[in-house]
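Summary of the model geometry
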Amino acid sequence: MYLLKEEMMTHNKMINIVDTDIDTDSILQISNLNVYAGDHHILKNVNLRIPKNKITVLLGPSGCGKTTLLKCMNRLSDLYKELDVSGHIYIENDDILNTYKNIPSIRQKMGLLSQRPYPLPMSIYKNVAYGLKLKGIRDKNLIDYNIERHLKEVGLWDEVKDRLHNSPHSLSIGQQQRLCLARGLAVKPRIILADEPTSALDPISSKIIENLFKGLKKHYTIVLVTHVLRQAVRLADNVIFMSHGEIIEQGSPEHLFKNPQTDKLKEYMVDGN
Amino acid sequence: MNRRKIIEEKIFRILSAIATYSLIATLAFIIILIFIKGFHALSWDMVLKAPKGGYYYGGEGGVLNAIVGSLYISIGATIIATIIGVPAALYINVYLSRRKRMQNFIRYILDALWGVPSIVYGAFGFTLMLFLGMNASLLAGIITVSFLIIPIVVRTFDEVLCNIPKGLHEATLALGSTRTEMAFKIIFKQGFPGFITALLLAFGRGIGDAASVLFTAGYTDLIPIHLDEPAATLPLAIFFQLSSPIPEVRERAFAAAAILTIIILVISLTARFLSKKYSISNLK
Amino acid sequence: MLFRRIIADRVSTTWMVISISTILVLPLVIGIGLYVKAYPLLELKPFGELIGSSTWLPHEQKFGFLPFILGSLYVTLIAFCLSAPVCLLAAIFITQFSSKRFIYFMHPVIDILAGLPSVIYGVWGIIVIVPFISDYLAPLFGIKSSGYTILAGGIVLAVMCIPYILNMLIEVFNTIPSGLKEASLSLGATFWETVKHVVIKKGFPGIISAFGLGIAKAFGETMAVMMVVGNMLQTKFDLFDAGYPLPALIANNYGEMLSIPMYDSALMFAALLLFGIILLINLVFRYFIYRTKKNE
């Protein structure tokens, strides 16, 4: 019912052509995803499943299409008008690429954590309240309760409770990144999409974020993009290795890193870190 | 709730589209209007002859006096502005490259000067002219317009120069060149398209400006030969002749308007084309 | 050889230093030059009386600049009210809602609008805006008007200021990182909500500065306004009546300036006033821009 011109599906394939069986353990399923930017083929026929309540790591060298894949998952690819996206992405049986559904509400199923923190230009309190208010929640007690809960969830509450109405720029960059995580969690997503979330952070802040992820996977599904092999080893339940827009190998980290099947992964494991 | 959001989004998308397209429409409207009025009046006589019997009452002749006067003034002013502006821009980017505060201060002053209206430059030029004991003349016009366009030359050129990587400076100095050699041979060469853009913009501003030459260049039917003679200019030819009661004279104003518009169109499009070409070749 | 190179270095360095010093003292020289010429008038009448009085009788040496200052303010106000919303919406459309190709198309459009000389806008105003006001707009309100009005001046001025403000707004919006927009969108905001809550808020200092500099530009614009505004002394604000802005006063009377005593001094005082006001606005908002850039 809700449809905007730019957010309209690019192809007229109708909703939910269910020709792939959807298994209940995976929350997100991608089939035949192709992305072009002009003549450049960024993602080449990508098929994959993201298991529920696990940390899935998208690993690969810079420029291999990991970030583009992540942005397709919550339709931020709409922002880049030069991209031509085709294929299917199912989230709990909704094909989000070809849908008449409300795109903002689809995006609320996912929280995004980007390469460096982008606190919105408002106070710490309003940053977390932003998503709640967009959902139409006006009850102040409910908002306060949620802000406290999610700031506690990311371990930021004790650090900021006295300065909730200050600008987030007074926080350290690691704290800002956790604030962004709390802000994402406040809209009650099912999936957390994290695009190299520790690349701008110091090792200690990175460690905190990594530990948070380990705890959060009980309630959320996490898709983490990284090019750091060691981070993948530390966190992953499931590794997807990409190169040049294609999925080269996937599987559990123990399996994958002990016996890499392809030369590309072997090379990456030697040079990559 | 959701419905309100959708309607709000739609309204603002439409409004902003209307605002943008109305700009395009306004531009098209102005240019088409000037061209229709002007081409009707344009003829070889118009371009190749000076007015006869006085620019205000005499119906015959064309606007050659204004075309030549305008070209003299804007070319002369552009040359002066280049002689002063280019070394200044190079100085900011070569000699002051380690002194950020000084750089910012100079840019700040230049930006503010850019914002000073041309009528003030005109009044100042007039004061200067009286002080030096000059009459309204080609030279006074050139000097006044060059004041007006110096900030444009410096800042436009500077915008390009400040994007040249600092590594290039060090590499050139390491090869044993003096700072001057670096400034003129390397930095100037790197920024050459910016230099051309700066010249074009300055020339365009100079040729189109009326308020600065109003006091200083005077107005005459004759084609100026010496620097101390008064000179007509295109913008003033439009301004003076448009208010004439005689239709033929008004035709001359429209012809001058069309000529001026064509000049500005060519300059704007060339400058944009050059800067685009430049930005593409320097993207990586 | 080396000697020649060193000499060349010396000479050109001197040349550079001379040029840059010339430019830096230029505002001072302009200010002093105009002040010297305006001094006789300032000696005759106190500053407050000059800008506060509305009697303008040059032959009796009565110089009250209030009508001109008000005239400038009125046209600037109208121009600002008309151009600001258009600029804001167009800048949002160009930077947020449109494709790269459209932006490439818009660049030359804005360039040409900015590059057209002000007399061309004046011609357009005389041919289109003035008759439109006298034949259609004024009769609509039951008013007789010649068309040469404050409103006509304001409209022409608005069109002239749009490319200038728009360019600055586009620059402001382009510096807002796309990650910020992505963050807002991923929290479930629509495009417009993102613009409203994030883009405009983040760019707010820049937007204010662009508007401020636009006002300064409008305040000093001469030819186009003078051609359509009617140039009659007036202190009250009436859209369908003529006005007489400060720059038009200077431009209109330069011919007789030397024939009436003190008149040249009065016109130079007007120029000084204009210079002072506009330089001040420019310096304040440029400083504001500079500070916000530094903070990021």
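What you see is a predicted model, and the numbers here were worked out from it, not measured in a lab.

About the criteria used
- Residues numbered from 1 in each chain as written.
- Chains lettered and ligands numbered in written order.
- Predicted model: local features only at pLDDT ≥ 70, side-chain atom pairs only at ≥ 80, totals over all residues.
- Heavy atoms only, no water.
- Contact = heavy atoms within 4.5 Å.
- Buried area = accessible area lost by both parts, 1.4 Å probe.
- Salt bridge = Lys/Arg side-chain N within 4 Å of Asp/Glu carboxyl O.
- Polar contact = N/O pair within 3.5 Å; in protein donor to acceptor, adjacent residues only side chain to side chain.
- Helix = DSSP H or I, 4+ residues; strand = E, 2+ residues; numbered from the N terminus.
- Nonpolar A, V, L, I, M, F, W, Y, C, P; charged D, E, K, R; others polar.
- Axes fitted to C-alpha atoms, helices over the stretch in contact; angles between N-to-C directions.
- Parallel < 35°, antiparallel > 145°, perpendicular 65-115°, else oblique.
- Pairing = 2+ DSSP bridges.
- pLDDT = per-residue confidence, 0-100.
- Core = buried A, V, L, I, M, F, W, Y, C linked by side-chain atoms within 4.5 Å.
- Buried < 20%, exposed > 50% of the residue type's maximum accessible area, 1.4 Å probe, protein only.
- Domains from an automatic or database assignment.
- Phe/Tyr/Trp six-rings, centres within 6.5 Å; stacked < 30°, edge-to-face > 60°.
- Lys NZ or Arg CZ within 6 Å of the ring centre and 35° of its normal.

Some points on the interface of chain B and chain C
On the chain C side, the residues contacting the 80 residues of chain B number 79 residues. For the pair chain B and chain C, the summed buried surface comes to about 7,200 Å²; carbon and sulfur atoms form 82% of the total. When the buried area of chain B at its contact with chain C is split by residue, Leu23(B), Tyr108(B) and Arg272(B) rank highest and sum to 8% of it. The tally of links between chain B and chain C comes to 3 salt bridges. The partner of Lys196(C) in a salt bridge is Glu8(B), with the nearest N and O atoms 2.6 Å apart. Linking chain B with chain C are 9 residue pairs in polar contact (both at pLDDT 80 or more), by the criterion used here. Among the elements that make up the side of chain B that touches chain C, the one with the highest residue count is helix H1 (residues 2-41) of chain B (21 residues). Tallied by class, the residues present in the side of chain B that touches chain C amount to 57 nonpolar, 13 polar and 10 charged.

Thoughts on the packing of helix H3 (residues 66-97) of chain C against helix H11 (residues 246-253) of chain C
All names here are of chain C. Where H3 meets H11, the closest approach of the two axes is 7 Å, and the angle between their N-to-C directions is 120°. Accordingly, the angle class assigned to the pair H3 and H11 is oblique. Facing Phe 68, Ile 69 and Ser 72 of H3, the residues of H11 in contact are Leu 246, Pro 247 and Leu 249. Residue composition of the contact of H3 with H11, by class: 5 nonpolar, 1 polar and no charged.

Some details on the sheet that holds strand S4 (residues 83-91) of chain A
Residue and element names in this part refer to chain A. Spatial strand order, S2-S1-S4-S5: 4 strands in an open sheet with antiparallel pairing. Whereas interior strands pair on both sides, the edge strands pair on one side only; in this sheet they are strand S2 (40-51) and strand S5 (94-95). Looking at chain direction, S4 and S5 are connected through 2 bridges and run antiparallel. Residue Ile 91 lies in a different strand from S5, and its bridge partner there is Asp 94.

What to know about the confidence of the model for chain A
With 90% of its residues at a pLDDT of at least 70, chain A reaches an overall mean of 81. A low-confidence stretch, residues 1-23 of chain A (pLDDT under 50), is modelled with 54 contacts involving residues beyond four sequence positions or located in other chains.

Focus on the nonpolar core
One finds Leu33(A), Leu69(A) and Phe65(C) to be the most contacted residues of the largest nonpolar core, which totals 243 residues. Both domains that furnish three or more residues to this core are identified here as domain 1 (2-41) and domain 2 (46-281) of chain B. The contacts of Phe65(C), once residues within four sequence positions are left out, are Leu41(C), Leu50(C), Ile51(C), Ser53(C), Trp56(C), Leu246(C), Leu249(C), Ala266(C), Phe269(C) and Ala270(C). Counting 44 residues, the second largest nonpolar core, distinct from the first, contains Leu164(A), Ala186(A), Ile192(A) and Leu216(A).

Details of the side chain of Asn65(B)
Tracing the backbone through its elements, the reader meets Asn65(B) in helix H3 (residues 64-94). The contacts of Asn65(B), once residues within four sequence positions are left out, are Ala50(B), Pro51(B), Tyr219(B), Thr220(B), Asp221(B), Leu222(B), Ile223(B) and Ala232(B).

Quick notes on the pattern of salt bridges
Per the counting criterion, the structure on display carries 20 salt bridges over all chains. With a closest N to O distance of 3.1 Å, Asp144(A) and Lys140(A) form a salt bridge. Of the two residues, Asp144(A) and Lys140(A) are both situated in helix H4 (residues 140-153); the distance of 4 residues between them amounts to about one turn of the helix. On the basis of relative accessible area, Asp144(A) is assigned to the partly exposed category, the value being 28%. For Glu8(B), the salt bridge goes to Arg4(B), with nearest N and O atoms at 3.7 Å. Taken together, the positions of Glu8(B) and Arg4(B), both in helix H1 and 4 residues apart, correspond to about one turn of that helix. Salt bridges here are not isolated pairs; linked through shared partners, they connect Arg107(B), Asp111(B), Arg155(B), Asp158(B) and Glu159(B).

Side note on the confidence of the model for chain C
Low pLDDT marks stretches whose predicted atomic positions should not be read closely. Looking at chain C as a whole, its pLDDT mean stands at 89, while 99% of the residues score no less than 70. For this predicted complex, the interface score ipTM comes out at 0.91, alongside a pTM of 0.88.

Describing the pairing of S2(A)
All names here are of chain A. As defined by bridge partners, strand S1 (residues 26-37) adjoins S2 across 8 bridges and the pair is classed as antiparallel. If you follow Gln 29 over to S2, its bridge partner there is Arg 49. In this structure, the hairpin formed by S1 and S2 is closed by a connection of 2 residues, where Gly 38 is found at a positive phi of approximately 65°.

What to know about the packing of aromatic side chains
Applying the stated criterion across every chain, the model contains 36 aromatic pairs over all chains. An angle of 10° between the planes, with centres 3.9 Å apart, marks the rings of Phe12(B) and Trp192(C) as stacked. Of this pair, Phe12(B) sits in helix H1 while Trp192(C) sits in helix H8 (residues 191-202), on two different chains. For Trp192(C), a relative accessible area of 6% corresponds to the buried category. Consider the rings of Tyr35(C) and Tyr39(C), whose centres lie 5.9 Å apart with planes at 55°: the pair is tilted. With Tyr35(C) and Tyr39(C) both in helix H1 (residues 2-44), this residue pair falls 4 residues apart, about one helical turn. By relative accessible area, which is 40% here, Tyr35(C) ends up partly exposed. Three or more aromatic residues joined by ring pairs form one cluster here, namely Phe47(C), Trp56(C), Phe63(C), Phe65(C), Phe68(C), Tyr244(C), Tyr263(C) and Phe269(C). Above the plane of the ring of Phe191(C) lies Arg13(B), whose end atom (NZ or CZ) is 5.2 Å from the centre. Taking the ring centre of Tyr164(C) as reference, the NZ or CZ of Lys217(C) above it sits at 5.2 Å.

Considerations on the pairing of strand S8 (residues 221-226) of chain A
Residues and elements named next belong to chain A. With respect to burial, S8 is a largely interior element, 6 of its 6 residues being buried. Where burial is concerned, the two faces of S8 agree: the one with Thr 221, Val 223 and Val 225 and the one with Ile 222, Leu 224 and Thr 226 are both buried. Judged from the 5 bridges that link them, strand S3 (residues 55-59) and S8 form a sheet pairing that is parallel. By the bridge assignment, Ile 55 is partnered in S8 with Ile 222. In this structure, strand S7 (residues 191-195) lies alongside S8, joined through 5 bridges in parallel fashion. Note on S8: the bridge partner recorded for Ile 191 is Thr 221.

Re the environment of Leu279(C)
Here Leu279(C) lies in helix H12 (residues 263-295). Residues Leu279(C) and Pro27(C), spaced 252 residues apart in sequence, show a C-alpha to C-alpha distance of 8.9 Å. Setting aside residues up to four positions removed in sequence, Leu279(C) forms contacts with Ala112(B) and Val116(B).

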